[in-house]
Amino acid sequence: MAGENIKVLLVEDNPGDVLLLQELFKEVTTVVVELMPVERLYEALNYLTNEIFDVILLDLSLPDSQGLQTFVIAHNQAKATPIIVLTGIDDETLAIRAMQEGAQDYLVKGQVTGDLLVRSMRYAIERQRADDALRDSEERFRVALKNSPIFVYNQDRDLRYTWVYNPPSGLTVEEILGKQDLDIIPVEDAQHLIAIKRGVLTTGIGTREEVSITIKNITRYYDLTIEPLRNETQEVIGVTCASIDISERQAALRERKLAEEKIREQAALLDVTTDAICVRDLNNKIIFWNKGAETLYGWQAKEAWGKNASELLYDEPSPEIEAALLQVISQGKWQGELTKLTKTDQEILVGSRWSLVYDEQGKPKSILTVDTDITEKKHLEAQLFRAQRLESIGTLASGIAHDLNNILTPILAGAQLLPLKFPDADERTRHLLEILEINARRGADLVKQVLSFARGVEGKRITLQLRHIIVEVAKILKETFPKSIEISTDVPQNLWMVSGDSTQLHQVLMNLCVNARDAMSNGGTLSISAENLLIDENYARMNLGAKEGPYIVITVSDTGVGIPTEMLDRIFEPFFTTKDVGQGTGLGLSTVLGIIKSHAGFVSVYSELGSGTSFQVYLPAVEGMETLSPEDMPPQTGHGELILVVDDEVAIQEITITSLEAHNYKILVASDGIEAIALYAKNRDTISAVLMDIMLPSLDGLTAIRTLQKINPQVRIIASSGLMSDNKLSAVAAIGVNTFLSKPYTVNELLLSLQKVLS
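Fair warning: this is a prediction, and the values are worked out from it, not measured in the lab.

Caption draft 1: Quick look at the overall build of the protein chain. Looking only at helices and strands, one finds 25 helices and 29 strands in the protein chain. Within the protein chain, the fraction of its 759 residues that count as buried is 42%. For the protein chain, the share of sequence-separated contacts (at least 6 apart) that also reach a separation of at least 24 residues comes to 62%. A total accessible area of about 41,700 Å² is found for the protein chain, and carbon and sulfur atoms account for 52% of it.

Caption draft 2: Just the nonpolar core, in detail. In terms of nonpolar packing, the biggest core is built from 42 residues, with Leu-466, Leu-526, Ile-554 and Phe-615 touching the most fellow members. The residues contacting Ile-554, other than those within four sequence positions of it, are Leu-466, Ile-470, Leu-509, Ile-528, Ser-529, Ala-530, Phe-615, Gln-616 and Val-617.

Caption draft 3: Representation of the packing of aromatic side chains within the structure. With the rule as written, the count across this model stands at six aromatic pairs. With a centroid separation of 5.0 Å and an interplanar angle of 50°, the aromatic rings of Tyr-153 and Tyr-161 are classed as tilted. For the pair Tyr-153 and Tyr-161, one class covers both residues: buried. Chaining the aromatic ring pairs together yields one cluster made of Phe-151, Tyr-153 and Tyr-161. The ring of Phe-53 has Lys-7 lying over it, and the distance from NZ or CZ to the ring centre is 5.1 Å. The ring of Phe-481 has Arg-517 sitting right over it, with the charged end atom 5.3 Å from the ring centre.

Caption draft 4: Inspection of unusual backbone geometry at higher detail. One non-glycine residue, Asp-345, lies in positive phi territory at about 65°. Locating Asp-345 in the fold gives a position in the loop between strand S15 (333-341) and strand S16 (347-358). You can call Asp-345 exposed: its relative accessible area is 61%. Even without glycine at this site, Asn-664 takes up a positive phi of about 65°. Relative to the helices and strands, Asn-664 is located in the loop between helix H21 (650-661) and strand S26 (666-670).

Caption draft 5: Structural view of the environment of Ser-352. Residue position: Ser-352 is located in strand S16. Assessed through its relative accessible area of 1%, Ser-352 is described here as buried. The spacing of Ser-352 and Ile-277 is 75 residues in sequence and 9.9 Å in space, taken between C-alpha atoms. Residues contacting Ser-352, with those up to four places away along its chain left out, are Trp-334, Gln-335, Gly-336, Leu-338, Lys-340, Thr-369, Val-370 and Asp-371. Side-chain polar atoms of Ser-352 contact the side chain of Trp-354, separated by 2.8 Å.

Caption draft 6: Representation of the sheet that holds strand S29 (residues 740-742) in the model. Within the open sheet, the five strands sit side by side as S26-S25-S27-S28-S29. Their pairing is parallel. Unpaired on one side and paired on the other, S26 and S29 mark the two borders of the sheet. With strand direction ignored, the average angle separating the axes of adjacent strands in the sheet is 20°. Contacts between helix H25 (residues 747-758) and the sheet are confined to strand S25 (642-646), strand S27 (687-693), strand S28 (717-721) and S29, with S27 contributing the most and set at about 130° to the helix.

Procedures and definitions
Residues numbered from 1 in each chain as written. Predicted model: local features only at pLDDT ≥ 70, side-chain atom pairs only at ≥ 80, totals over all residues. Heavy atoms only, no water. Helix = DSSP H or I, 4+ residues; strand = E, 2+ residues; numbered from the N terminus. Buried < 20%, exposed > 50% of the residue type's maximum accessible area, 1.4 Å probe, protein only. Contact = heavy atoms within 4.5 Å. Areas by Shrake-Rupley, 256 points an atom, 1.4 Å probe, with all protein chains shown as cover. Core = buried A, V, L, I, M, F, W, Y, C linked by side-chain atoms within 4.5 Å. Phe/Tyr/Trp six-rings, centres within 6.5 Å; stacked < 30°, edge-to-face > 60°. Lys NZ or Arg CZ within 6 Å of the ring centre and 35° of its normal. Polar contact = N/O pair within 3.5 Å; in protein donor to acceptor, adjacent residues only side chain to side chain. Pairing = 2+ DSSP bridges. Axes fitted to C-alpha atoms, helices over the stretch in contact; angles between N-to-C directions.

Interpretation in functional terms is not warranted from these geometric data alone.
Written out as C-alpha cells, the structure reads:
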C-alpha cells in the first residue's frame, strides 16, 4: 500500500496520546496517514454517518462511554470498518474481550512505534477485506441454495456439527451447532448415520446412501453424500455432507410397493390366517376351505370341498344350528359360540361368525363362516372365575379370622399363665387348664387354616429337601392308616430343592393323604411320588398359576371312589365337604391351596368316578443346599425393661401385662396410636421396646410406627396383628420393622420376640 493514504478515525480524549500518535505517523514514510482525531464517542459516530474510514483507532475509556460497551456501539455503527483498540497496560483483559467481540487488534499505549501502528492497521484492513470477501461468498452460496432442498453441513472427528446451512424443516442452526446426531434425532437413525460417517473417517473415501431421518415425529428421506474433510496437510479432520430431500420420490415408490404387497397379501390372506374360513352355498355344500380350516378341523381342502358342512362338523343336527341358519338368511349375519368336531372326533369350542354373501344382482349366493378356536380361552376363563370366587370367599373368611384371633389371644395366654399363678392347684384343676389351653390352640390352628386359604400364610422359609418330608409322612401313614391301604412312595435321589415352610408342607401332604384314606373305605393303594419338571411357555399359558421355570411336582394318588365332575370346581372352597357331619370341617383342601399359593405354587386335580383321584402339587425349585430350621430357644426372663404395649383390645392388654410382668418386665399401655406417641415422647429414654398392634382406631399402627421412628430412629418395635395381608407385611418391612408377631400368640412367642429385638 506504499504511496497510498490510510484514512484513520482516532477516538481518544487524551491530548498527549493524540499528539504522540500524530508524531509517530509523521515518522512513517511508506504511507500517508490521514488522521481524524475526536475526543468523544458521539463525535465519532457522527463522522461515521457521513464519512468512510479505512480503520478506527478506539480508546475504550471516553468521557461519554466506558468499557466494552464503547467498542460494541462503534462496531455496530461501522461493521465494515476494522477497529483497533487502544488500551493502557491495566486494560489488556478488556481489550482481549473486545477482540472476542470482533476487534481486529489491540495496541498498548506508550509501547508502539509508527511502523508498528501502520503494520497493525494494514493487517486489520486486509483481515477485514478477507472477512468481507468470505461474507460475500457465503451470501452468494446462501442465495444459490435459498430455495434448494439441499442440507449442507460439516462435522469434526467427534462428529459434532461445526457448520450448518439450510437445516431441514423442524430444526434450526442453533439447535444443531455443537451437537452430535444422537442429540437431535432418534437413536436408531443417529446410529445408522454415525456408522456411515465413521466409515468415511476411517477409510478417507466418500460415500452416498439413501437414509431416513425422523424429526419431531415426521420421517423424511434423504439422498446423503458424505466426503472426508481435510486440512492443509491432507489429514482427515472431519466430514462434509450434503443431503437432498427425496421424501416425495420415496413416498411414491413406497406406495407402489405397498400396492403390490397388498395384492400379494390379499391373495394369501385367507390361507395365512389362523382362523378357519369356510364358504358354503345355500345348500350347505362347502365351496371354499382355507389352510386355517385344515389346521383346526384336520380335513384337507380336497376332502372338504362338496361335502355337507353339518355332516362334516357336527355329530347331530341341533336347534342352535338351525336358529343360526335362519338368522343369517333373514338378517345377513350371525355370531356365537358353537361346539364342533374335528376329523378325529375331538370336540372343540369355536367363536363363529356367519355372513351372507350376495351376487352382483344382490341375491344371496353363499354363507361365509369364520371360526376361531376358543377352547383354551374358555378353559383359562373357568380357572380365572374359580380363582375370583375363592378370593371373595377368602376375603370374608379373613375378616372373621381377624376377630377370632383377638378373642383367642388372651384365652391362650391366660391358659398358659394360670398354672404359673397357681402352682399348687389340684390335679383336676390342672387338667381343666390343660383342656382350656389345648382347645384354645385348636381354635388358633383352625383360624390359621382359614388364613392359609385366604391370604397364604408366609411362614418361615428355608431351603429344604421334600424327599425327607415325604419319607416322614409315609412312615406316619404306615403306622396309623388301616392295613387295607397300601402306601407306596417314589422319590428320586436327585430331587431339586424348594424354599418353604416344612411344617406347612407337611400339613399339605397330611391333608391330601387323609382325604385319600377317606376315599378308600374298603382299602386300596395310596401313592406319593415326586419328580423334577421344567415348565415351558405353553404349559404356563394353560395353567393360570404356572410360570416358566423349574418345578417340583408331588403327586398324591388313590384308588378310591373318585370325585363327581360337578364337585371338582368346589372342592377347594372353605367349609365345602362331601363328608358326613362331624367327619370334616371342609378346610383341608382350602388350606392346601392357601399354603401352596403362598409358596408361589399351584395345585391341579384329576378324578374319575370309581377310578380314584390324583392331586398334583407344583412348587418352584430353587438352587442351594438344604438348611435346617433352628430349634426354638427357651425364652429368658426380662431385667426390668420397660415395654410399651399398644392394643385397642382390653382383654389383650390385660393378659399381655400379666404375662410380661410375670417374666420381670415393666409395662406401659396405650389404646391407640395417638396415645402411644404421647407416652413414648414422654418416656423415650426409659422405654426399651414397643409392641404395636397394626390395626388401631384413631391413628393406625403403621403411621404411629413412622412417627415413633422420627422421634427415635433406633426405636425397637414388634408389629402385631390378627390379620396381615401381603401388602401390609411389605409395608411393615419397608419401614424397617423386621419382627412380626401374629395373633393369637403364646407367652413363649411373645417373650422370644422381645428377646430378639432387645438383643
